[in-house]
Amino acid sequence: MEDLALDTLDERNEDIYLEVPIGTIAKDAETGEVLFEINADGETAILAKGGRGGLGNVHFKSPTMQTPRFAQPGEDFEEGWKILELKILADVGLVGFPNAGKSTLLSKVSAAKPEIAAYQFTTFVPNLGIVSYRDNQSFIMADIPGIIEGAHEGKGLGLRFLRHIERNSILLFLIPADSKDHYNEYQILLNELKQFNPDLLDKQRLVAISKSDLLDEDLMKEITKEMKEIPHFFFSSITERGITELKDLIWKSLTI
Ligand SMILES: Nc1nc2c(ncn2[C@@H]2O[C@H](COP(=O)(O)OP(=O)(O)O)[C@@H](O)[C@H]2O)c(=O)[nH]1
Ligand SMILES: [Mg+2]
């Protein structure tokens, strides 16, 4: 017992619970060591251990000793920086406004059965699909709910959508053939991502013009001119035109 007169030592703080999404990894910030993962609903783990509380001097008060000058200090607690991060969701995430054709593409290239409709918010949560690729290889594609302009400001459900985008290794932007201004639509999407988290622009990007069955050669040339120097390719989930090339391109991007 030490000669301490700290009533505060008697404080017994409650445990602090942080709620995290499934797929959260806890790491030590200094060493990068993975401490644990939360992979199930309701799972708990200790991020930093608190010491057992001490006993303040009032605890040692007795009839013969009204003002004890000693107290029992609490045990040491753990202190340090930890990182909580979400695991990568998929190899490639589809980015686009509602109706860009994201869900249709995923259903075409994988066994996933996302809802498809000409309705803005068909996809509320990311749908994952395994895309088989040549010689028994595969990659995972995520159909992320459509971004709406102003998503970064928390408009509508946008913010939640943007969080999903953080969790993909490469991003495939879909600009539908019938967009009024393809170049501008791409810039708006980029801007939404940047406003939300500038690091998102460090991710590898592929740009595709979806619903290309709506285009003839002349219109394609026009779009290519419109897109300026931004590399892009055309595909259609309906006619499957360009789908093999699309998979090749994704695979190439994932393996460099
Ligand atoms: N013409 C044509 N329409 C398509 C194509 N892909 C999707 N669509 C249509 O576009 C609408 C929106 O598609 P969806 O996949 O739900 O878009 P999402 O909101 O980006 O997931 C639906 O009516 C689809 O049938 C395509 O390759 N060609
Ligand atoms: Mg959808």
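All values reported here derive from a predicted model rather than from experimental measurement.

Novice: I keep staring at the overall build of the protein chain and nothing clicks. Help me out?
Specialist: Assigned secondary structure in the protein chain consists of five helices and nine strands. Traced from its N-terminal end to its C-terminal end, the protein chain shows the element sequence β-β-β-β-α-β-β-α-β-α-β-α-β-α. Within the span of the protein chain, comprising 256 residues, buried residues form 39% of the whole. Surface exposure of the protein chain reaches about 15500 Å², of which carbon and sulfur atoms provide 51%.

Novice: Explain the pairing of strand 1 (residues 24-28) to me, please; I cannot follow it from the model alone.
Specialist: On any regular strand, side chains alternate: one points to one face of the sheet, the next to the other face. A large share of strand 1 lies buried, amounting to four of its five residues. Relative to strand 3 (residues 82-86), strand 1 runs antiparallel, the two sharing five bridges. Bridge pairing links K27 to I83 in strand 3.

Novice: Would you mind going over the pattern of salt bridges with me for this structure?
Specialist: If the charged atoms of two oppositely charged side chains come close together, the side chains can form a pair. Evaluated as defined, the whole model comprises five salt bridges. For the salt bridge of K82 with D28, the shortest nitrogen-to-oxygen distance reads 4.0 Å. In this pair, K82 is assigned in strand 3 and D28 in strand 1, connecting sequence segments 54 residues apart. The exposure class assigned to K82 is partly exposed, which follows from its relative accessible area of 21%. D28 gets classed as buried once you look at its relative accessible area, which sits at 18%. A salt bridge links E78 to K82, with the shortest nitrogen-to-oxygen separation between them at 2.9 Å. Look at E78 and you get partly exposed, because its relative accessible area is 38%. Residues participating in the shared-partner salt-bridge network are D28, E78 and K82.

Novice: I'm lost on unusual backbone geometry in this one. Help?
Specialist: The phi torsion of most residues other than glycine is negative, and most of the peptide bonds are trans. A positive phi angle, near 55°, is found at K211, a position not held by glycine. Secondary-structure assignment places K211 in the loop between strand 8 (204-210) and helix 4 (217-226). The phi dihedral of E240 falls on the positive side, at around 70°, and the residue is not glycine. Its location among the elements puts E240 in the loop between strand 9 (233-234) and helix 5 (243-255).

Novice: For this particular structure, what's the right way to read the side chain of S253?
Specialist: Considering the arrangement of structural elements, one finds S253 in helix 5. Residue S253 is classed as buried on the basis of its relative accessible area of 9%. Sequence-distant contacts of S253, that is, excluding residues within four places in its chain, are made with I170, Q204 and L206.

Cut-offs used in this document
Residues numbered from 1 in each chain as written. Chains lettered and ligands numbered in written order. Predicted model: local features only at pLDDT ≥ 70, side-chain atom pairs only at ≥ 80, totals over all residues. Heavy atoms only, no water. Helix = DSSP H or I, 4+ residues; strand = E, 2+ residues; numbered from the N terminus. Buried < 20%, exposed > 50% of the residue type's maximum accessible area, 1.4 Å probe, protein only. Areas by Shrake-Rupley, 256 points an atom, 1.4 Å probe, with all protein chains shown as cover. Pairing = 2+ DSSP bridges. Salt bridge = Lys/Arg side-chain N within 4 Å of Asp/Glu carboxyl O. Contact = heavy atoms within 4.5 Å.

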